Amino acid sequence: MKRKISAQTVAITAVLTALEIIFIFVQVPPIAGATLAFCLVPVLVSAMTQKKGVTAFLSVLMACGMLTSAYTVGAGSLLAPVFRNPLVAIPPRLAVGLVAYLSYHGLNKLVEKRFAPKLSALALGSSEYKSVNRKKQAAVYGVASFTAFAGTLTNTGLVCLMIWLCYMVGNMPIDSSLLPQFFQVTLAVNATIEVAAFTILVPPIVTALNRAGYGRKRIANKTAVRLAEDTDGAGKDIISNSAEAESVNGGDRERKDAKNR
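Residues numbered from 1 in each chain as written. Predicted model: local features only at pLDDT ≥ 70, side-chain atom pairs only at ≥ 80, totals over all residues. Heavy atoms only, no water.

1. Quick notes on helix H2 (residues 40-49)
Of all ten residues that make up H2, ten are buried, and the element is covered over most of its length. Among all positions in H2, only Leu40, Val41, Pro42, Val43, Leu44, Val45, Ser46, Ala47, Met48 and Thr49 are buried. (Buried < 20%, exposed > 50% of the residue type's maximum accessible area, 1.4 Å probe, protein only. Helix = DSSP H or I, 4+ residues; strand = E, 2+ residues; numbered from the N terminus.)

Below, the structure written as structure tokens:
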């Protein structure tokens, strides 16, 4: 059976793709002296709200876009020489989506296992139910914050690791008079601000999308409801058709009995 892609998924993917392209190729002014990688935001949001295919697509787009940017709009940046190396530019970006997706959905399963039995045992709408549900929502929000933290840290950590492997261990030539250690220190300073900023910025966006019905779980629930409604409608048609058939057969029997009499 082929899986149908909903118009809602296409629309959200288009918006995230547009934002990704803007954040890659439009230079954002430094914030507190640091140049933040806002291109991580669409990937992190996608990992927490959309299917894995969308997250994989955005991760590939970010990796290829950052490599292209180092030769075009970002060519004058101090970090451009190291990001022209595909080993530095591509693998860390691909890992961001993978780490964010696995950490968010894996931890959310643990949250569901912990709170689902408690919620199912309580009356819907009761004060105890609301209290437990608030704790669950707080746990989900904490998972989103941790995912943003882990994804951002994965990006910077792997970039610094690849710089060390390529230029300090592998002695690869670099098109810059600056030492590789300079790039590592600069990235580490940026990462400190990025981790704090994205850990605060991303979770509210994810929460808003989920509450608005644009999250992965809500989309799945809506699809299930539609299927249930379609099934119920089909069942009603079958029941009504069978009832009509029985009434017709009953009328034929009555006419035959009348003739025999």
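From this point, the narrative continues.
2. Looking at a nonpolar patch on the surface
Taken together, the side chains of Leu107, Leu110, Phe146, Phe149 and Leu153 make up a nonpolar region of the molecular surface, amounting to roughly 440 Å² of accessible area. Top contributing element to the nonpolar patch by residue count: helix H7 (residues 127-169), with three residues. (Patch = residues over 30% accessible without salt bridge, like charges linked within 9 Å, V, L, I, M, F, W, Y side chains within 5 Å. Areas by Shrake-Rupley, 256 points an atom, 1.4 Å probe, with all protein chains shown as cover. Salt bridge = Lys/Arg side-chain N within 4 Å of Asp/Glu carboxyl O.)

3. Structural notes on the pattern of salt bridges
Counted by the stated rule, this structure contains one salt bridge. Measuring nitrogen to oxygen at the nearest pair gives 3.1 Å for the salt bridge that ties Glu112 to Lys136. Taken together, the residues Glu112 in helix H6 (residues 91-120) and Lys136 in helix H7 connect sequence positions 24 residues apart. Exposure remark for Glu112: the relative accessible area of 25% places this residue in the partly exposed category. A relative accessible area of 14% places Lys136 in the buried class.

4. Describing the nonpolar core
Of all hydrophobic cores here, the largest spans 35 residues; its most connected members are Leu40, Leu44, Met48, Met62, Tyr104, Phe198 and Val202. Mapped onto this core, the elements with two or more residues apiece are helix H1 (7-25), H2, helix H3 (52-69), H6, H7 and helix H8 (180-211). Setting aside anything within four residues of it in sequence, one finds Val202 in contact with Val41, Leu44, Val45, Met48 and Ala148. Core analysis: the next-biggest nonpolar cluster, separate from the first, contains 15 residues, Leu79, Val82, Cys160 and Tyr167 among them. (Core = buried A, V, L, I, M, F, W, Y, C linked by side-chain atoms within 4.5 Å. Contact = heavy atoms within 4.5 Å.)

5. Things to note about H6
Counted at 1.5 Å a residue, the expected span for H6 with its 30 residues is 44 Å, and the 43 Å between its end C-alpha atoms agrees. Largest kink in H6: about 30°, centred on Arg114, with the proline Pro117 one to four residues after it. (Expected span 1.5 Å × (residues − 1). Bend = angle between axes of the 7 residues up to and from the residue.)

6. Concerning the packing of H2 against H3
Close contact between H2 and H3 brings their axes to 9 Å; oriented N to C, the two are set at 165°. One way to sum up the angle between H2 and H3 is to call them roughly antiparallel. For the crossing formed where H2 meets H3, the hand is left-handed. For the pair formed by H2 and H3, the contact residues are Leu40, Pro42, Val43, Ser46 and Ala47 on the first element and Val54, Thr55, Leu58, Ser59 and Met62 on the second. A class-by-class count of the residues in the contact of H2 with H3 yields seven nonpolar, three polar and no charged. (Axes fitted to C-alpha atoms, helices over the stretch in contact; angles between N-to-C directions. Parallel < 35°, antiparallel > 145°, perpendicular 65-115°, else oblique. Left-handed = near helix turned anticlockwise from the far one by under 90°. Nonpolar A, V, L, I, M, F, W, Y, C, P; charged D, E, K, R; others polar.)

7. A short note on the confidence of the model for the chain
When pLDDT is averaged across the chain, the result is 80; 77% of the residues are at 70 or more. Element-level mean pLDDT values for the chain span from 46 in helix H9 (residues 216-260) up to 96 in H2. Across residues 219-250 the pLDDT falls below 50, and counting only partners more than four positions away or on other chains, this stretch makes seven contacts in the model. (pLDDT = per-residue confidence, 0-100.)

8. Some details on the packing of aromatic side chains
Within a pair of aromatic rings, the relevant descriptors are the distance that separates the centres and the angle that separates the planes. For the structure on display, the rule yields three aromatic pairs. Judged by centre distance (5.8 Å) and plane angle (35°), the rings of Phe23 and Phe38 are tilted. Linking Phe23 in helix H1 with Phe38 in the loop between H1 and H2, this pair joins segments that are 15 residues apart in sequence. A relative accessible area of 27% means that Phe23 is categorised as partly exposed. By relative accessible area, which is 17% here, Phe38 ends up buried. On the numbers, 5.8 Å between centres and 65° between planes, the contact of Phe38 with Phe198 is edge-to-face. (Phe/Tyr/Trp six-rings, centres within 6.5 Å; stacked < 30°, edge-to-face > 60°.)

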